[in-house]
Structures are given as C-alpha cells and as structure tokens.
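# Structural features, examined
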Amino acid sequence: MNYGETRTYLEQYGQEHLLKYYDELPEDGQAALLEQIASIDFSMLSLLAGYKQGTSARGVFSPLGAVTVEEIDEKREAFESAGIEALKAGKTAAVLLAGGQGTRLGFDHPKGMYNIGETRELFIFECLINNLMDVVNRTGTYVPLYIMTSEINHEETVGFFTAHDMFGYSKDHIRFFKQEMAPCVGYDGRILMEDKGRIAVSPNGNGGWFTSMMKAGLVEDMEARGVEYLSAFSVDNVCQRINDPKWVGAVLQSGCDVGAKVVRKADPNERVGVLCLEDGHPSICEYYEMTEEMITLKDEKGALLYNFGVILNYMFRLDKLKAIAAERMPVHIVEKKIPHLGDDGSFVKPEAPNGYKFELLILDMIHLMDTCLPYEVVRSREFAPIKNPTGVDSVVSAKALLAENGVAL
Ligand code: UTP
C-alpha cells in the first residue's frame, strides 16, 4: 500500500494518527512504517467493543482427573521402553516458548539469559538444554529443538546461544523462529506509537507458536525428520524434564491428542489453572474462574476433583496440531503498561496499566483437542518457574529447588 491507500485504509478504523509524523521521517523510515501498518491485523480492534475485564463466555466444566505419580510408577517400565523407542526413532521434537517479555522478572534481556548460578554461571537457557541433554545422553539421539523468539528478543537470543556454542547441543538440531506481533492499544482504542516511525507492538502470546512455525516452513522440517509428537514448554521452569522417556511413552500409549504435565495443587485455593473438561473437551479453568463448589468438590474417597494444575509443558500429536491450525483461536485482551509516544511527541513510560495487548494462549489449543492425558509430575522435581525476582515462583524459590535436585549453583 502506498501513502494514500494506507491513509484511506486507516481512516476506516479511526487510526489515521499513525501517520501523524510521516512527513518528518526519512524515506526508508516512511517505507518501514507503511510496511508495518500493512502487516497489522486491524480486525482485532473490533474485539475491544465487547471487552469487559475478566469476562469470557465459558461452557460447562467437569473434572478430568490425572494419571497419578503412583500409577506412573507402576507402569514405569512399559512407559519408558515405549518412550525410548520413539525417541530413538526420532519421533519427537520440542518447542521452547521464549518469545515472552518476562516483565515481572524485570530483567532487561531475554529471560533465558538470566544467570541463576552462584559460584558459577548457570543461565536459564543452559538449565533447559542440560535437562534435554539428559534425554539425548540416555537415547543417543538428538531431539530437534525449535526455539520461539519475538522481534524484540530474536537477535539477542540467537547471539547468546551462538556465543555459548548452543550450550553443547547439536546446532544441526536447533532452529530459531520468530512469533508474530500484535499492536498495543490505549484505553481510548487508538493504537499507540513506540516512536514517530513505529507502531508499539508486543508478542502475540504463547498460543500462536504453531502457526508461526508453519509460516516459517518448520512443519515441513519436522515431517522430513519423521517427527510425530511435539512438546511445547515454557522458558522459565528450570527443573522441568523435557521429552523424558516415561512421559513420551505415556502420551504415545494413551492415544490422546495431547498430554499435559500437571502438579497436584499445593492447597485448594492455589492460583493455578486446573486441567478439566469443558463441554466434554479438555480445557483449563483459571483459578479466578473456579466457583467455591468446584474448589471444594471431592470424590467418594475424599480427594479433590479439580486438583491438577498445568505447568506449561505439553506434548501434542503433530497431525492434530495441523488439523486445528486453520481454526480461529480466541484473542485475549490483557491490560498492561505500554511505553509509548505521548500526544505532545514525548516518550511516556507509564507506572500503571494504560492500555491493552492482544494475546493468543496455548490453553485454547488444548481445548481444540478431543482428548488429553493429564500426567502428574512431582512438584518438587519438576516445577520451579521463575516469574519474579523474589517470593513465590521466583529466582529464590527456583534456586532452592534446583539445589534440592542436586544441581550445583
Ligand atoms: P508468561 O505468561 O509468564 O509471560 O509466559 P512472560 O511474558 O514470559 O512474563 P511476564 O508475564 O511479562 O512476567 C509463559 C511462557 O510463554 C512464553 C514465555 O516466554 C514463557 O515461556 N511466551 C509468552 C511467549 O513465548 N510469547 C508470548 O507472547 C508470551
């Protein structure tokens, strides 16, 4: 689109202010701005009209249960041998979701670059690679690893892995790809500018990764390698096991479309999303959506029925991901602090939320699947998310768990 076409297009959405500084920009800046505007999905803006904080229509929830640690122990040999066979045959791949901005940690680089070592350097990325290397060493086979970044942290992430020689992982088995970005909007519905020549954008959530992989040609890459199952996991859980044989075997043998690692809730009111059914399909009910009745509902033996929280470690069947790829996922509107160019042309760094970001969430992918295997893992072994510098889910709590699990810090 040229300037005139872009202006007409923006007028339809009441967003022509995006061209306010166009005349002040150098020629390449003008071209870049027009190109950025053309890449934005403006239809998202209509969602703001129906938005009221914390509301989204949900179906009827029912409990799902999980294959428990005890049951897994009983079937350990069968699960492990099935898993090892699949891993050796190269049937699994893994996707590290590292496109987030990690704002709560307050670290000015990609979260995975955070050093949690005390007497030595130990980066979050390094912990994850070490965990995956356990599987590689056990099976003698590399698991193809796809690392999702965003426009904001791509160069730094790739540079960091390269400078550290992929932390010992085979570079032939690592591919990086960028997730898509979505515009940031002020409370008045006008898209914010980051500077005079650029719209403020943010990564579009952790639910768009498969579509981004498709666009990057990585599904063909996986198929050429013979991959049938694909795990997706978060950057911040330094203790999680990735594609471990028992887990791979359990998901394969279950025949389910997806497996989800879960932990038993620490207490009924813990603030975690709980795996359950919604209108008969696997789903995640957020802690703030749970009614008092759901929180306390027990079976005849007295066990809580909505008791297994997700830890953002899933294993999907690749053919099922392809089958849902064309489905339109719900877009979530999240209130955030968005640095932007103020009306007077000066830069504003807000102290409180000042607008909305648009996000797709991986939990909506789970709901698009027909069947899910909830697979319980021991919390103290596999769940050490780093969201904050201190307190709950923090650097401090994660270090304590790593040490408990014998990792030298
Ligand atoms: P979080 O929900 O913790 O978000 O992400 P975040 O952006 O990392 O952190 P805060 O909320 O700003 O503090 C859970 C996982 O999803 C990934 C993150 O990198 C993390 O692994 N993620 C999140 C993406 O890959 N892309 C996104 O757009 C958002």
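Everything here concerns the structure above.
Now for a description of the structure that goes with this document.

Rules of the game
- Residues numbered from 1 in each chain as written.
- Predicted model: local features only at pLDDT ≥ 70, side-chain atom pairs only at ≥ 80, totals over all residues.
- Heavy atoms only, no water.
- Buried < 20%, exposed > 50% of the residue type's maximum accessible area, 1.4 Å probe, protein only.
- Helix = DSSP H or I, 4+ residues; strand = E, 2+ residues; numbered from the N terminus.
- Pairing = 2+ DSSP bridges.
- Right-handed = clockwise from strand over helix to strand, strands pointing away.
- Contact = heavy atoms within 4.5 Å.
- Core = buried A, V, L, I, M, F, W, Y, C linked by side-chain atoms within 4.5 Å.
- Phe/Tyr/Trp six-rings, centres within 6.5 Å; stacked < 30°, edge-to-face > 60°.
- Salt bridge = Lys/Arg side-chain N within 4 Å of Asp/Glu carboxyl O.
- Near = heavy atom within 4 Å.
- Polar contact = N/O pair within 3.5 Å; in protein donor to acceptor, adjacent residues only side chain to side chain.
- Areas by Shrake-Rupley, 256 points an atom, 1.4 Å probe, with all protein chains shown as cover.
- Axes fitted to C-alpha atoms, helices over the stretch in contact; angles between N-to-C directions.
- Parallel < 35°, antiparallel > 145°, perpendicular 65-115°, else oblique.
- Nonpolar A, V, L, I, M, F, W, Y, C, P; charged D, E, K, R; others polar.
- Patch = residues over 30% accessible without salt bridge, like charges linked within 9 Å, V, L, I, M, F, W, Y side chains within 5 Å.
- Lys, Arg positive; Asp, Glu negative; His and termini not counted.
- Charge placed at Lys NZ, Arg CZ, Asp CG, Glu CD.

## A few points about the pairing of strand β2 (residues 92-97)
A regular strand carries its side chains on alternate faces of the sheet. The element β2 is largely enclosed, with a buried count of six among its six residues. Where β2 and strand β3 (residues 145-149) come together, four bridges link them in parallel fashion. Following the sheet pairing, A94 is matched in β3 by L145. Running through helix α5 (residues 124-139), the crossover from β2 to the neighbouring parallel element β3 is right-handed.

## Description of the side chain of D221
Secondary-structure assignment places D221 in helix α8 (residues 218-225). Setting aside residues up to four positions removed in sequence, D221 forms contacts with Y146 and R175.

## Focus on the sheet that holds strand β15 (residues 332-336)
Spatially, β6-β18-β15 is the arrangement adopted by the three strands of the open sheet, whose pairing is antiparallel. The outermost strands of the open sheet, each flanked by one partner alone, are β6 (185-186) and β15.

## Describing the nonpolar core
The biggest cluster of nonpolar side chains holds 56 residues, and the ones touching the most others in it are L96, I116, F125, L145, Y169 and V238. Broken down by element, this core gets its largest block of residues, nine residues, from α5. Contacts of I116, omitting those with residues within four sequence positions, involve L122, I124, C127, V238, I386, V395, K399, L402 and L409. W209, M213, L318 and L363 belong to the second-largest nonpolar core, a separate cluster that totals 37 residues.

## Here we look at the packing of aromatic side chains
The final tally for this structure, using the stated rule, is 19 aromatic pairs. A ring pair is formed by F125 and F161, whose centres lie 4.7 Å apart and whose planes are at 50 degrees; its orientation type is tilted. Of the two residues, F125 sits in helix α5 while F161 sits in helix α6 (residues 154-163), which places them 36 residues apart along the sequence. Aromatic pair Y187 and Y356: ring centres 5.2 Å apart, planes at 70 degrees, arrangement edge-to-face. Of the two residues, Y187 is situated in the loop between β6 and β7 (193-195) and Y356 in strand β18 (residues 355-359); the sequence distance between them amounts to 169 residues. Cluster of aromatic residues (ring-pair linked, three or more members): F123, F125, F160, F161, F167 and F176.

## Some points on the pattern of salt bridges
All chains considered together, the criterion is met by 23 salt bridges. For D319, the salt bridge goes to R317, with nearest N and O atoms at 2.7 Å. In this structure D319 comes out as partly exposed when scored by relative accessible area, which is 42%. A cluster of three or more residues bridged by salt bridges with shared partners is formed by R58, E278 and E289.

## Concerning the pairing of strand β19 (residues 372-376)
For β19, the tally of buried residues reaches five of five residues, placing the bulk of the element in the interior. Taking every second residue as pointing to the same face, both faces of β19 are buried, with C372, P374 and E376 on one and L373 and Y375 on the other. Bridge count between strand β11 (residues 258-264) and β19: five bridges; the pairing is parallel. In the strand pairing of β19, V262 is matched with E376.

## Examining unusual backbone geometry
With a phi angle near 50 degrees, D165 is a residue other than glycine that sits in the positive phi range. Within the secondary structure, D165 is located in the loop between α6 and β4 (174-178). Here D393, not a glycine, exhibits a phi torsion of approximately 50 degrees, which is positive. Considering the arrangement of structural elements, one finds D393 in the loop between α13 (379-382) and α14 (395-404). Note on D393: relative accessible area 29%, which makes it partly exposed.

## Looking at the site of the ligand
The environment of the ligand is formed by 18 residues, the closest being L97, T103, Q179, V235 and K387. G100 is positioned with one of its backbone polar atoms (N or O) 3.0 Å from an oxygen atom of the ligand. Between Q179 and the ligand, the recorded distance is 2.7 Å, taken from a side-chain N or O atom to a nitrogen atom. In isolation the ligand offers 570 Å² of accessible surface; the protein chains occlude 88% of this area.

## Some remarks on the packing of helix α4 (residues 76-88) against helix α9 (residues 245-254)
Orientation of α4 relative to α9, taken along the N-to-C sense of each, is 90 degrees, at an axis distance of 6 Å. Relative to α9, the element α4 lies roughly perpendicular. Where α4 abuts α9, its residues R76, A78, F79, E80, A82, G83, I84, A86 and L87 lie against P245, K246, V248, G249, A250, L252 and Q253. Here the contact of α4 with α9 is composed, by residue class, of ten nonpolar, three polar and three charged.

## Side note on a negative patch on the surface
The grouping of E70, E71, D73 and E74 at the surface amounts to a negative patch. Looking at the secondary structure, you find E74 in helix α3 (residues 69-74). Given a relative accessible area of 70%, E74 falls into the exposed group.

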